[in-house]
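# Chains, contacts and geometry: an overview
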Amino acid sequence: MKTNDFPQLASVAAIQEGFESIGYICSDSIATAVYLASHLRKPVLVEGPPGVGKTELAKTCAQLLEVPLVRLQCYEGLDESKALYEWKYSKQLLYTQVLKEKLGDLLQGAHDLAESVERLHQFGDIFYSEEFLEPRPLLSAMQQEQGAVLLIDEVDKSDYEFEALLLEILSDYQVSIPEIGTVKARSAPMVFLTSNNTRDISDALKRRCLHLYIPFPSVALEERIVRSRVPDIDAELRHQLVAFVHSLRGLDLKKLPAISETIDWARSLLLLHAGKLDEALVRDTLNVLLKFEDDMESASAELPTLLREARGD
Amino acid sequence: MPDSLVSFIRILRSHNLPISPAETLDAVRIAALLGYEDKQRLRDGLGMALAKGDAERTQFDICFDRFFNPHKEAPALNTELVAASTAQAMPTQGRGAGGGSRSPVLQQAAAEDPATAALLETPLLEALLGGDHNALAVAISEASQRAGLPEIRLFTQKGLYRRRILAALGEEQLRAGIARLENRGSPAQEELKQYRDLLRAQVGDFIDQQYLLHAEGKNKRLIEDMLMQTRLSNIESGYMDRMEEMVRRMAKKLAARYAPRKRSAQRGQLDVRRTLNRGIAHDGLMFELRWRRIRRERPQVFALCDVSGSVASYSRFLLLFLYSLQDVLPRVRSFAFSNRLGEISDLFATHPPEKAIEIAQHSFGGATDYGNSLQDFVNLAFDDVRSGSTIIILGDARNNYGAARLDLLQKLYRRANRVIWLNPESKINWKTGDSEMIRYRSACHFTAECNNLKQLERLIEQLLKSVR
């Protein structure tokens, strides 16, 4: 197995800068996680509320390293034939047919059974060989020459059996295929697993990973994110809207507004040519931030207080 | 530095963070990669590898701050004192020869008495007088190592360690110096006393923090061991939170050990690969079909819990245990009874376990009538009891001399895979008074006394083995 050393990942600061140059503003701890992951060759288990950029992190990483991103979306019932590899059955069937026809030619002149068997042995076992292997995401991530970023999304949605399957891949970057043997990764992929905590992940899997918890960003960080995504927005308004979203997250809501919603809202406000936040404007555009009727109601009641806080009066 | 990293990990373990040797190696590599300069970054990095989850992360952060910044919380060295003395010293002669700065009073005392002068030259006094925070911190932590502070176990040992550390620091000389000055009536004694008190306060703070770091985890374990073996009904309500946390942790451990596995069953989807594989032997003809395995239905557990006064606290733990095991035992149906019986599974679906148990206790509590309750159960759920079912009954079998209705239990016994009776009373008492335990026992696959958490854990583990 080859090990890749990417100059982009030489230090925590370099990672932060690199990410920033492609529009992903990240906290120090995220950059530290990526740095450690690449130097320790360990997968990163990313947790956090939905919409804080867990999946985005893997995508950005692939973009920064200029390697392909292989994504595996987990769901209940996902098994090895969908995640790891499958045999090309039709091709195998075809092969047996061809083999049957050729068998006569091949064995011509053989005097007895022992000699025939000897001749057959010379051909090796092509039936179960990589020729007939259909790689699924996990295997294909390991077959990339230049390395890859492997994203195993929402691993908490998969079954226990699938978790067990991941163990070998995540600790040694290799896969055991019973018919062939062990297939090692050509170069170790960088692995990100994301989880929304719908169930507890087994200790064995946890032990193999670095744990990165991405919380909602601080006001300053989120302002920087908005600035990089919606550069045209007025600085004053940007500050107000981020502060408003932050105080909104303090409420008891079904679904808290995530970063992507803040960005959407900033874009909508820009389109509406808003200069500053006022109550009517917020009330009209609240549906960009909140996705549930109940949430809208409870937020509406608090609107004047939240706005006052956000505007800093 | 790896030394201190290893002792840090030992401390984490004593605070119940399971850290394997492999993770220790990771931690060493991480520390080497990140360096010790940026504490925040080091904390992030080590936390990623060593803490697995929210609760562990919080604990980790607390330990990290106590271990790597032990003096952060301590008050700064008496700055006024130092500022005052430097202000006085500066104009006259600048910094003292030893790097420390002395007030004129001390200067004078030193000039008068060579012993005092020698005392002021010692590294300890220089650190104190110069307000050298780091030097003092290093001295205290070295002295505490020599005094064996990491071995501290009990709150009452603090005084002992304080004396030992002060002795190792050379406080005795300082005390002797003060006594000497006092005898001579020198004005410098007051100032020296202030420095002595400052030193004592620093050492005291340091010990407090180290106590939290080293002993808290061990003490917690001591208390937990004790709680494990105490009769559940004797545990004071103050410990309930901790007990519940322990139950949850035990359940988690068991759940990991008995995680559900796929089992073979009759037929499901066609397994193309294995069929094809078989076919090779038959000239590529697939006449021996192979089927994918499908999961067998998981067995069902019925838990019948006596919630009358005497047994209620035991039921509480059994239910808490069973519901913490939902990943492994997904189909627990629970029933509460005293004089009548009712299903409380829905309560658990809508409330957290603690609350649900409370409500059940409230609505079903009363004098126990086993006959009636068994009848209720048969009416309610007999059709659902199948050969794979396990019935757990938790109760003291004290029937207040009512009808035992053994026939009903026998009916269940013949039908279910297992009937388990857990009795919080000890076996000797099963034959006494109004207990029907001996009769009921004849219609159970397994009976056991179960009055503390340890026994409960062992029984639940057996249950998990048998239902697998």
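Refer to the structure above for everything that follows.
The structure reproduced in this document is the subject of the present report. (Residues numbered from 1 in each chain as written. Chains lettered and ligands numbered in written order. Predicted model: local features only at pLDDT ≥ 70, side-chain atom pairs only at ≥ 80, totals over all residues.)

### Side note on the overall build of chain A
Along the backbone of chain A there are 14 helices and 9 strands. Relative to its full complement of 313 residues, chain A shows a buried share of 34%. Intrachain contacts of chain A at a sequence separation of at least 6 include 79% that bridge at least 24 residues. (Helix = DSSP H or I, 4+ residues; strand = E, 2+ residues; numbered from the N terminus. Buried ≥ 20, exposed ≤ 12 C-beta atoms within 10 Å, placed from the backbone. Contact = placed C-beta atoms within 7 Å.)

### Notes on the interface of chain A and chain B
Counting residues at the interface gives 26 residues for chain A, matched by 23 residues for chain B. The biggest single contributor to the side of chain A that touches chain B is helix α2 (residues 28–40) of chain A, with 7 residues.

### As for the environment of leucine 374 of chain B
Residue and element names in this part refer to chain B. Inspection of the secondary structure assignment puts leucine 374 in helix α18 (residues 370–381). Accessibility expressed as a C-beta count within 10 Å gives 24 for leucine 374, which makes it buried. With 37 residues separating them along the chain, leucine 374 and phenylalanine 337 place their C-alpha atoms 9.0 Å apart. For leucine 374, the residues in contact, after removing those within four places along its chain, are Arg405, Leu408 and Leu409.

### Considering the pairing of strand β6 (residues 174–177) of chain A
Residue and element names in this part refer to chain A. Inspection of the sheet shows β6 paired to strand β7 (residues 181–184) by 4 bridges, in the antiparallel sense. Bridged to glutamine 174 within β7 is lysine 184. Connecting the antiparallel pair β6 and β7 is a turn made up of 3 residues. (Pairing = 2+ DSSP bridges.)

### Topic: helix α11 (residues 235–249) of chain A
With 15 residues, α11 of chain A extends 21 Å between its outermost C-alpha atoms, agreeing within 8% with the 21 Å of an ideal straight helix rising 1.5 Å per residue. Along its buried surface, α11 of chain A packs onto α10 (219–229), α12 (259–271), α13 (279–289) and α14 (293–311) of chain A. (Expected span 1.5 Å × (residues − 1).)

### Some words on the sheet that holds strand β2 (residues 332–337) of chain B
Residue and element names in this part refer to chain B. Taken in spatial order, the 6 strands line up as β3-β2-β1-β4-β5-β6 in an open sheet, and their pairing is mixed. Each end of this open sheet is capped by a strand with a single partner; those strands are β3 (341–343) and β6 (446–449). Between one strand axis and the next, the sheet turns by 20° as a mean value, whatever way the strands run. Pairing of strand β4 (residues 390–394) with strand β5 (residues 418–423), which is carried by 5 bridges, proceeds in the parallel orientation. In the sheet register, isoleucine 391 faces β5, and the bridge partner there is valine 419. Docked against the sheet, helix α15 (residues 312–324) engages β1 (301–306), β2, β4 and β5, running at close to 160° with respect to β1. (Axes fitted to C-alpha atoms, helices over the stretch in contact; angles between N-to-C directions.)

### Observations concerning the packing of helix α8 (residues 123–130) of chain B against helix α9 (residues 133–146) of chain B
Residue and element names in this part refer to chain B. For the pair α8 and α9, the least separation of the axes is 8 Å and the interaxial angle reads 140°. Classified by the angle their axes make, α8 and α9 are oblique. Between α8 and α9 lies a crossing whose hand is left-handed. Seen from α8, the contacting residues are Leu124, Ala127 and Leu128; seen from α9, they are Ala135, Leu136 and Ala139. Looking at side-chain class alone, the contact of α8 with α9 contains 6 nonpolar, no polar and no charged residues. (Parallel < 35°, antiparallel > 145°, perpendicular 65-115°, else oblique. Left-handed = near helix turned anticlockwise from the far one by under 90°. Nonpolar A, V, L, I, M, F, W, Y, C, P; charged D, E, K, R; others polar.)

### Considering the pairing of β5 of chain B
Residue and element names in this part refer to chain B. Counting buried positions along β5 yields 5 of 6 residues, so the element is predominantly enclosed. Bridge analysis of β5 against β6 gives 4 bridges, and the strand direction is parallel. Across the sheet, residue isoleucine 420 finds its bridge partner in β6, namely phenylalanine 446.

### Comments concerning the sheet that holds strand β8 (residues 190–195) of chain A
Through backbone hydrogen bonds, the strands of a sheet pair up, either in parallel or in antiparallel fashion. Residues and elements named next belong to chain A. Pairing within the open sheet is parallel, and its 5 strands lie in the order β2-β5-β8-β1-β9. In this open sheet, the two edge strands, each paired with only one partner strand, are β2 (69–73) and β9 (210–213). Across this sheet, the average inter-strand angle for adjacent strands is 20°, counted without regard to direction. Strands β1 (44–47), β2, β5 (149–153) and β8 of the sheet are contacted by helix α3 (residues 54–65), whose axis makes an angle of about 170° with β5.

### Brief notes about the nonpolar core
Of all hydrophobic cores here, the largest spans 98 residues; its most connected members are Val149 and Leu210 of chain A. Among the elements that make up this core, the one with the highest residue count is α2 of chain A (7 residues). When sequence neighbours within four positions are dropped, the list of residues in contact with leucine 210 of chain A reads Ala33, Leu36, Ala37, Lys42, Val44 and Leu45 of chain A together with Met48 and Ala49 of chain B. (Core = buried A, V, L, I, M, F, W, Y, C linked by C-beta atoms within 7 Å.)

### Here we look at unusual backbone geometry
For histidine 273 of chain A, which is not glycine, the phi dihedral falls at a positive 55°. Position of histidine 273 of chain A among the secondary structure elements: in the loop between α12 and α13. Look at histidine 273 of chain A and you get exposed, because 6 C-beta atoms sit within 10 Å. One non-glycine residue with positive phi stands out, namely asparagine 16 of chain B, at about 70°. Here asparagine 16 of chain B shows up in the loop between α1 (2–14) and α2 (21–34). In this structure asparagine 16 of chain B comes out as partly exposed when scored by C-beta crowding, with 15 C-beta atoms within 10 Å.

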